[in-house]
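Structural overview for review
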Amino acid sequence: GQMFLAARICTAAPRAQTRFSRAMAKLAAPIARQEPREVVFGAVEGENRGANPMKNVVKRSDPWFWLRDDDRKSEEILGHLRSENAFTEQEVAHLKPLMDKLYDEHISHLKETDDQAPYRSGDWFYYTRTVKGLSYKFHCRKPAGDGLHVPAADAAEQVLLDENKVAEGKPQCVVQGVRPCPDHKLLAYSVDFKGDETYAVRFLDLASEEYLPDQLEGVTGAVVWGTTSEWVFYRTQDEAKRSYKLWRHKMGQKQDEDVCLFTEADELFDVHHGKSKSGRFLVLESASTETTEAYVIDLEGGNDNKAVLIQEREFELRYDIEHLGENFLIWTNKDKAVNRRLMRVSVADVMAGKGGQENWVEVMPYDSTREIANVEVFKDFVAIEGRQDGLTQLWLMNGNLDGVLTRVKFQEELYEVSFGVNKVMDTPFLRLEYSSLTTPVTHYDYDMRSESAERFHLVKRVEVLEFDPASYVCSRLFAKAPDGTQIPMSVVHHKKADIKQSNPCFLYGYGSYGICIDPGFNRTLLPYLDRGVVYCIAHIRGGGEMGRWWYEEQGKYLMKRNTFSDFIACADHLVDSGMTTPSRLAIEGRSAGGLLMGNVLNMRPDLFQIAVAGVPFVDLMTTMCDPSIPLTTGEWEEWGNPNEWKYHDYMLSYSPLDNVRPQPYPNVLITAGLHDPRVAYWEPTKWATKLRLNNTSEQTQILLKMDLEVGHFSASDRYRYLKEKAFEQAIVLDKIGLATASKL
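Scope of this entry: the structure provided in the associated data block. Here the structure is a predicted model, which means the values were calculated and not measured.

**Description of the sheet that holds strand β28 (residues 429-435)**
The antiparallel open sheet is built from four strands, whose spatial order is β27-β28-β29-β30. Every other strand in the sheet has two partners, leaving β27 (416-419) and β30 (456-461) as the edge strands with one partner each. Taken pair by pair, the neighbouring strands of this sheet meet at an average axis angle of 30 degrees, ignoring direction. Two elements, β27 and β28, share four bridges in a ladder whose sense is antiparallel. Within β28, the position partnered with Glu416 by the bridge is Ser435.

Okay, here's the thing in structure tokens:
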């Protein structure tokens, strides 16, 4: 009878039988099949392989090249990714209660119904807000009335856009560029439902709440309005997702009638655009990593929209511009000013075709210890955002450009500060955003008038529930790199954790593009800190924490390996000082930080217990030789070009996938997104298989979680994002011995 019953189940219900057998048999770690494919480095006819490709080509074999499917539709590949997810699910199933507990902790700190800081624009205060149980934001406004920093308490709210309605029925929804037109009667927004960072633009009439017939497809990011609601300007991408064309759209016309104002043919360059704060000029910038060429279009000069060149491209000359009265302010690395100097050129000279660097005049002497990153202009003041002493800083100067700077001072030793949203020219208040490792994000209006007794006006501090800042302590440490350079680390921990004793430790790093990982507030760290984990940020070279030279001279091209040895030095310091042990040390890096993870795992697998590698860039050689892959050509000025002798061997020495070798690797959790245009899904997928084939340890796991619905920046749904954090944190806590730990 049993045999007969089994035969019936097998015949009549194959799906049930499959589920039944899966429940009985444990899944093995997936290993992708091998199908050797020749990858050619150097000159290839009909392809852009850079300025000086090797004529005698070098060939390497890639046994997992077949995992690449640009359409992301291959059933074999999707099947392999599903098997990776099934294996990961099986291996972490026992942690489900901990994941649920961590998710509840994240929710307990989140004020689910909350308004964000309102900012003034025209006669309105604009802001976003969230509602408990809803995944996405509402975009709203209130009449400004007599409100100075915030609207009046009884001001009526107008909901402009409900992202929850936009997202209905969509697994992913990224809305950006929500921008009212100059007379505040229309609203434009960009939306991406896949996570591939190609947007559609929609327009709303704010009086009738009806959509306009205008629709723009295939757009890069946000649109910029002209001086009226008649025109918008937008960019589109080439096949490699490089932003390369600027278009003008007349409202009421079809997109195929739009006028192309600029095309960038050089594949090293990307096109960007924005509007001067004065509203008069559209600023068009064509930039590579090393070089800038900017144009301005006078939006008040009729409809011919002629782009007027500021300074033609000159290799390694970079500059940004903003309009203030009769001048353009220019912050630039001209004359070897690696941390940028502030200069000006008259509007009259620019419009007469004489805006080049020979006519730029210095506003103040160059200070090599102070980096100028951004400039905000007002009627009577100029504010500068930058870095000094390893931290973000703000300075103020009179609008007459007298060159005298005053630094805005803060109380805490470690912090992060930046400009907030400043839309109003004629105001004495600078909106700034401040936080630290122990202070939640706080919005201030800072009174730029030196004679004012009260300078800081609190607009809003983001409320973090069940959190007492006095329970946490932060400090700065330094590790000595192999070449003697002192590498700063920012450290935060619960005050009950004794850092003179050994503790579980978490070390985070990035270290590329000059991007800084600053000591600002991160609510999602609290489950770690509350269980006694000491959390550290390694401010390694390749980032820009110590100024642009930390990146440009010390952390890219043929100095890139500093990034990896710096991180190892930081980890060694934590161990050698007795703060932790390798068996209790977790590490994390995302994207180019995944390149960091891949390298330190190959170089020092003995130093770590678990590595979390998010959307990791690990297939350096194969990706960087191929101009058809998004970002490749532009990033030849970041890592170098492996098609050239100058860089080939050096890049090969730190390409994570190419340097995986038989050795005992620690635990590795890899997360990725199928629709990611920045780090293609096949890179982490290849890496997972190669790590498993080479890992000689029987005590560690290589896990890959591939989200089949998102791109580079994880889930757009705020609740789903917290579930992802809980998933990662449960695995980390389990591996460093804290799965059953109670809170301090």
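The structure having been displayed, the exposition proceeds.
**Comments concerning the environment of Ser452**
As for its placement among the helices and strands, Ser452 is situated in the loop between β29 (442-447) and β30. Taking relative accessible area as the criterion, Ser452 reaches 18% and is therefore assigned buried. Polar contacts involving the side chain of Ser452 include one to the side chain of Asp447, which spans 2.9 Å.

**Here we look at the packing of helix α3 (residues 75-92) against helix α13 (residues 682-694)**
Where α3 contacts α13, the axes come no closer than 11 Å and their chain directions differ by 60 degrees. Here α13 runs oblique to α3, going by the angle between their axes. Between α3 and α13 lies a crossing of left-handed hand. Contacts from His80, Leu81, Glu84 and Phe87 in α3 reach Thr685, Ala688, Thr689 and Arg692 in α13. Broken down by class, the residue content of the contact of α3 with α13 amounts to three nonpolar, three polar and two charged.

**Considerations on the pairing of strand β12 (residues 231-237)**
Along β12, seven of the seven residues are buried, which leaves the element largely enclosed by surrounding structure. Neither face of β12 is exposed, since Trp231, Phe233, Arg235 and Gln237 on one face and Val232, Tyr234 and Thr236 on the opposite face are all buried. From the end of strand β11 (residues 210-225) to the start of β12, which pair antiparallel, there are five residues. Across seven bridges, β12 lies against strand β13 (residues 243-250) in antiparallel orientation. Along β13, the bridge assignment pairs Trp231 with Lys250. Between β12 and β13, which pair antiparallel one after the other, the connecting turn spans five residues, and Lys241 there sits at a positive phi close to 60 degrees.

**Quick word on the sheet that holds strand β35 (residues 585-590)**
Two pairing modes exist for strands in a sheet, parallel and antiparallel, and in both the strands are linked by backbone hydrogen bonds. Taking strand neighbours across the sheet as the criterion, the eight strands line up as β31-β32-β34-β33-β35-β36-β37-β38 in an open arrangement whose pairing is mixed. A strand with exactly one partner marks an edge of an open sheet, and here the two such strands are β31 (472-480) and β38 (702-707). With strand direction ignored, the average angle separating the axes of adjacent strands in the sheet is 20 degrees. Where helix α10 (residues 592-603) meets the sheet, it contacts β35, β36 (610-614) and β37 (667-673), and its direction lies at approximately 140 degrees from that of β35. Each of β36, β37 and β38 touches α13; the most contacted strand, β38, lies at about 165 degrees to it.

**Quick word on the pairing of β36**
Of all the five residues making up β36, five are buried; the element is thus mostly covered by neighbouring parts of the structure. In β36, alternate side chains face the same way, and those of Ile610, Val612 and Gly614 on one face and Ala611 and Ala613 on the other are all buried. Taken together, β35, α10 and β36 form a β-α-β motif whose crossover is right-handed. Across five bridges, β36 lies against β37 in parallel orientation. By the bridge assignment, Ala613 is partnered in β37 with Ile670.

Rules behind the numbers
- Each chain carries its own residue numbering, running from 1 in the written order of its sequence.
- Reporting in this predicted model follows two pLDDT cut-offs: at least 70 for local features of residues, and 80 or more for side-chain atom pairs to be given and counted; totals over whole chains, interfaces and linings ignore these cut-offs and use all residues.
- Hydrogens are left out, water is left out, and the side-chain values use all remaining heavy atoms of the structure.
- We treat two strands as partners when DSSP finds at least two bridges between them.
- By definition, any uninterrupted DSSP run of H or I lasting at least four residues is a helix, any uninterrupted run of E lasting at least two residues is a strand, and each is numbered from the N terminus.
- To get an axis, fit a line to the C-alpha atoms, keeping to the stretch in contact for a helix; angles then go from 0 to 180 degrees between the N-to-C directions.
- Think of it in three bands: with a 1.4 Å probe and only protein chains considered, a residue is buried below 20% of the maximum accessible area for its type, exposed above 50%, and partly exposed in between.
- Contacts described as polar in this section are N or O atom pairs within 3.5 Å, which, within protein, must combine one atom able to donate a hydrogen with one able to accept it, while residues neighboring in sequence count only if both atoms come from side chains.
- Oblique is the label for every angle not falling under 35 degrees (roughly parallel), over 145 degrees (roughly antiparallel), or within 65 to 115 degrees (roughly perpendicular).
- Helix crossings get a hand from a simple test, with the near helix turned counterclockwise from the far one by less than a right angle marking a left-handed crossing and a clockwise turn marking a right-handed one.
- Here, residues are in contact when the closest pair of their heavy atoms is within 4.5 Å.
- Nonpolar residues are Ala, Val, Leu, Ile, Met, Phe, Trp, Tyr, Cys and Pro. Charged residues are Asp, Glu, Lys and Arg, and all others, Gly as well, are polar.
- With its strands directed away from the observer, a crossover is right-handed exactly when the path from the first strand over the helix to the second travels clockwise.

Function cannot be inferred from these measures alone, as they are strictly geometric.
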